[in-house]
Amino acid sequence: MSETPSWMEKVVTMANEVAAREGCLIYDLEFVGAGKGRTLRVFIDKEDGSISIDDCSNVSKGLNLLLDTDDVIPGGAYNLEVSTPGLERHLKVPWHFKKAVGKKVYIKTSKALESVGVTDKKWKAAKTVEQVLESADDSGVRFVVDDVEIQIPYALIDKAKVVFDFTKGQKK
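Residues numbered from 1 in each chain as written. Predicted model: local features only at pLDDT ≥ 70, side-chain atom pairs only at ≥ 80, totals over all residues. Heavy atoms only, no water.

1. Observations regarding the nonpolar core
In this structure, Phe97, Ile107, Trp123, Val141, Phe143, Ile150 and Ile152 are the most contacted members of the largest nonpolar core, which totals 25 residues. Broken down by secondary-structure element, the contributors of at least two residues to this core are strand 4 (104-109), strand 7 (140-145), strand 8 (148-153) and strand 9 (157-162). Not counting chain neighbours up to four residues away, the residues in contact with Val141 comprise Phe97, Ile107, Leu133, Ser135, Ala136, Ile150, Gln151, Ile152, Tyr154 and Ile157. (Core = buried A, V, L, I, M, F, W, Y, C linked by side-chain atoms within 4.5 Å. Buried < 20%, exposed > 50% of the residue type's maximum accessible area, 1.4 Å probe, protein only. Helix = DSSP H or I, 4+ residues; strand = E, 2+ residues; numbered from the N terminus. Contact = heavy atoms within 4.5 Å.)

Next up, the structure:
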């Protein structure tokens, strides 16, 4: 894993301060692109998930002012985007997974599930799971599928996201 540049750590600290002042949390932050196409993306959330356009605007204005004043990001011009993580949000850290308990989640692992003790013939060779997340703690996640318990440590997870079910709640 590459080390986080020290300027990015300052950006994270600033973003957390501004978000907290606005009653929000920093869900994730990424710096992408090169040259004139560089973009700092800041994803915000609230404990209850009730993020508004005003929240995004307020965090954007506050963070933009701090970043411009302190000239933290090297290399010239960049764009700042502040938004919610969306319905199909990526899951990267334990608290993301904890908030997704009870929701359908897609997980791609770096090794087959038998490497973490899954013996069921349907699941042991699998490297992906798309099921309702039963639980999550500080060490990993747990699914229960047809009486088969699947526990996956975070270290084995390559990618994960919430899967939004567009049909749920529709009348038949």
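2. Examining the environment of Ala160
The residue Ala160 is located in strand 9 in this model. A relative accessible area of 6% places Ala160 in the buried class. Residues Ala160 and Asp68 lie 92 residues apart in sequence; the distance between their C-alpha atoms is 34 Å. Here Ala160 is in contact with Arg89, His90, Leu91, Phe97, Tyr106 and Ile107, once residues within four sequence places are set aside.

3. What about the sheet that holds strand 5 (residues 128-132)?
An order of 5-4-9 is seen for the three strands of this open sheet, with the pairing classed as antiparallel. The sheet is open, and its two edges are formed by strand 5 and strand 9, each paired on a single side. Within the sheet, the average angular offset between the axes of one strand and its neighbour, ignoring direction, is 15°. Here strand 4 pairs with strand 5 via five bridges, running antiparallel. The residue bridging Lys108 from the neighbouring strand is Thr128, located in strand 5. (Pairing = 2+ DSSP bridges. Axes fitted to C-alpha atoms, helices over the stretch in contact; angles between N-to-C directions.)

4. Considering helix 2 (residues 53-70)
The terminal C-alpha atoms of helix 2 lie 26 Å apart, and with 18 residues this matches the ideal 26 Å at 1.5 Å per residue to within 8%. Every buried residue of helix 2 is accounted for by Asp55, Cys56, Val59, Gly62, Leu63 and Leu67. When helix 2 is viewed along its axis, its buried side chains cluster within an angular range of 145° and face the same direction. Exposed and facing more than 90 degrees away from the buried side of helix 2 are Ile53, Asp54, Lys61, Leu65, Asp68 and Thr69. (Expected span 1.5 Å × (residues − 1). Arc of directions from axis to C-beta.)

5. What to know about the side chain of Thr109
Position of Thr109 relative to the elements: it lies in strand 4. Under the relative-accessibility criterion, Thr109 is labelled buried at 1%. With sequence-adjacent residues up to four places away left out, Thr109 is seen in contact with Ala126, Lys127, Ile152, Leu156, Ile157 and Asp158.

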